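# Examination of the molecular architecture
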Amino acid sequence: MRAGRSGSAVVLAGALALGAFTAPTAQAADTGITVTELVINKGKPVVVGTNAEVTPDFTFRISWPSGVKIGDAEADPFLYHGTTAAKGAEDGGIYTGSVTYYEAGSHAADCDGELYIEPRYTLDSNSDATTWKVAVSAKIWGSNGQLKSHEYLTGFGTVQVKRAAKVTANATPEPVAKGGTLTVKGAITRADWVKHKYVGFGGKSAKLQFRKKGSSTYTTLKTVTADSAGTLKTTVKASVDGSYRWTFGATSTTGGATSVADYVDVK
């Protein structure tokens, strides 16, 4: 959908797809549009849960041939799985929600915008947690609002899309006697894009960390591997008041997570 001009900016909404890292220049022979400096989500992986919409930001620079006005040249980044950008766009992907163009000369603009991911509809398989290819849909529109030329620009690299994860922490008993045994439990779960809920992340290792009361620094006490259901459990000796938490890093398909800390009073 093409929208009107606001000051020196032109806003386009409801276009195409999700993107990636800083990329080389790509030019469409049919349109004469050149896109450079494309950066998606500040170069970081995109982590998606089960229900909340995710809108990774992007920036890029566009230039177009003489004779074409700002607003008639359009570029929409998107992510795809297909063997070609055109096939990927046809089969479905992760699309741009909006783009704003800030005029930077008669035939160039600096652009920013957001991609749009609605997990219940955009991601229908856990195998979508993988490396996606990045392309740009480039279009030139005529003064009558008709599409004059369209081509897909490639060569922008890839972006990793990951399943969001969570972890909880619960230390018992509370309070605990000094020198007594404290049992610290937790549960690791991650987004399932088929079931639309969080499920146990079995076999994942997490660090149990402790922060002494009055300190701002956590110390790792031990590393524990979750069982097949994602459950964590271990014991430690209690010596001073403080907070316990579980934390783990990202994998190639799943984001990392840190639990809310559980404070324990030692008597």
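The structure reproduced in this document is the subject of the present report. Not measured: the values here are computed from a predicted model.

### A look at the overall build of the protein chain
If you tally the helices and strands in the protein chain, you get two helices and 22 strands. Sorting the 267 residues of the protein chain into buried and exposed places 47% on the buried side. A separation threshold of at least 6 residues defines the contact pool for the protein chain, and within that pool the share at least 24 residues apart is 67%. Carbon together with sulfur atoms contributes 49% to the accessible area of the protein chain, which is approximately 12300 Å² in total.

### Digging into unusual backbone geometry
For residues that are not glycine, phi is negative in most cases, and the peptide bond is trans in most cases. At the junction of threonine 172 and proline 173, the peptide bond is cis and its omega measures out at 0° in the coordinates. With respect to the helices and strands, proline 173 occurs in the loop between strand 14 (170-172) and strand 15 (181-192). Cis geometry is adopted by the peptide bond preceding proline 175, which originates at glutamate 174 and carries an omega value of -5°. For proline 175, the position within the fold is in the loop between strand 14 and strand 15. We note that asparagine 41 has phi near 50°; this positive angle belongs to a residue other than glycine. You will see that lysine 42, though not glycine, has its phi angle at about 55°, which is positive. Within the secondary structure layout, lysine 42 lies in the loop between strand 4 (34-40) and strand 5 (46-48). For lysine 42, a relative accessible area of 60% gives the class exposed.

### With respect to the packing of aromatic side chains
On inspection of all chains with the given rule, the structure shows four aromatic pairs. Seen in terms of ring centroids, phenylalanine 58 and phenylalanine 60 are 5.9 Å apart; in terms of plane orientation they differ by 25°. Their pairing is stacked. Measuring from centroid to centroid gives 4.7 Å for phenylalanine 210 and tyrosine 244, while their planes differ by 45°, and the two rings are tilted. Note that phenylalanine 210 is positioned in strand 17 (residues 205-212) and tyrosine 244 in strand 20 (residues 242-248), a separation of 34 residues in sequence.

### So, the pairing of strand 12 (residues 158-163)
For strand 12, the tally of buried residues reaches five of six residues, placing the bulk of the element in the interior. With three bridges joining them, strand 5 and strand 12 adopt parallel strand pairing. Bridge pairing in strand 12 places valine 46 opposite valine 161.

### Comments concerning the pattern of salt bridges
Proximity of charged atoms lets side chains of opposite charge pair with each other. By the definition in use, this model includes four salt bridges. Here aspartate 91 and lysine 87 are joined by a salt bridge, their closest N and O atoms 3.6 Å apart. With aspartate 91 and lysine 87 both in helix 1 (residues 85-91) and four residues apart, this pair spans about one turn of that helix. Residue aspartate 265 is joined to lysine 267 by a salt bridge in which the shortest nitrogen-to-oxygen separation is 2.9 Å.

### Focus: the environment of lysine 207
As for its position among the elements, lysine 207 is in strand 17. For lysine 207, a relative accessible area of 43% translates into the label partly exposed. A sequence separation of 14 residues divides lysine 207 from leucine 221, and the C-alpha atoms of the two residues are 7.4 Å apart. Residues contacting lysine 207, with those up to four places away along its chain left out, are Thr220, Lys222, Thr223, Arg245, Trp246 and Thr247.

### Considerations on the side chain of lysine 162
Among the secondary structure elements, lysine 162 is positioned in strand 12. This buried residue, lysine 162, is left without a salt bridge; aspartate 128 holds the nearest opposite charge, at 16 Å. Among the polar contacts made by the side chain of lysine 162, one reaches the main-chain carbonyl oxygen of threonine 251 at a distance of 2.8 Å.

### Topic: the nonpolar core
Nonpolar side chains in soluble globular proteins tend to be buried together. Residues Ile33, Val35, Val48, Phe60, Ile62, Trp64 and Tyr101 are the most contacted members of the largest nonpolar core, which totals 36 residues. Looking at this core, the elements that each hand over two or more residues are strand 4, strand 5, strand 6 (57-63), strand 7 (73-80), strand 8 (95-103), strand 9 (108-116), strand 10 (131-141) and strand 12. Among the elements that make up this core, the one with the highest residue count is strand 10 (five residues). Of all hydrophobic cores here, the second largest spans 22 residues; its members include Val176, Val224, Ala226 and Trp246.

### Details of the pairing of strand 20
The buried fraction of strand 20 amounts to six of the seven residues, a majority that puts the element mostly inside the structure. Pairing geometry for strand 17 and strand 20, over six bridges, is antiparallel. For leucine 208, the partnering residue across the bridge sits in strand 20 and is tryptophan 246. Where strand 20 and strand 22 (residues 262-264) come together, three bridges link them in antiparallel fashion. Bridging from a neighbouring strand, glycine 242 pairs with valine 264 of strand 22. Relative to strand 21 (residues 257-258), strand 20 runs antiparallel, the two being bridged by two bridges. Looking at the pairing, phenylalanine 248 lines up with alanine 257 of strand 21.

Rules and cut-offs
Residues numbered from 1 in each chain as written. Predicted model: local features only at pLDDT ≥ 70, side-chain atom pairs only at ≥ 80, totals over all residues. Heavy atoms only, no water. Helix = DSSP H or I, 4+ residues; strand = E, 2+ residues; numbered from the N terminus. Buried < 20%, exposed > 50% of the residue type's maximum accessible area, 1.4 Å probe, protein only. Contact = heavy atoms within 4.5 Å. Areas by Shrake-Rupley, 256 points an atom, 1.4 Å probe, with all protein chains shown as cover. Phe/Tyr/Trp six-rings, centres within 6.5 Å; stacked < 30°, edge-to-face > 60°. Pairing = 2+ DSSP bridges. Salt bridge = Lys/Arg side-chain N within 4 Å of Asp/Glu carboxyl O. Lys, Arg positive; Asp, Glu negative; His and termini not counted. Polar contact = N/O pair within 3.5 Å; in protein donor to acceptor, adjacent residues only side chain to side chain. Core = buried A, V, L, I, M, F, W, Y, C linked by side-chain atoms within 4.5 Å.

The quantities given are spatial measurements derived from coordinates; they are silent on function.
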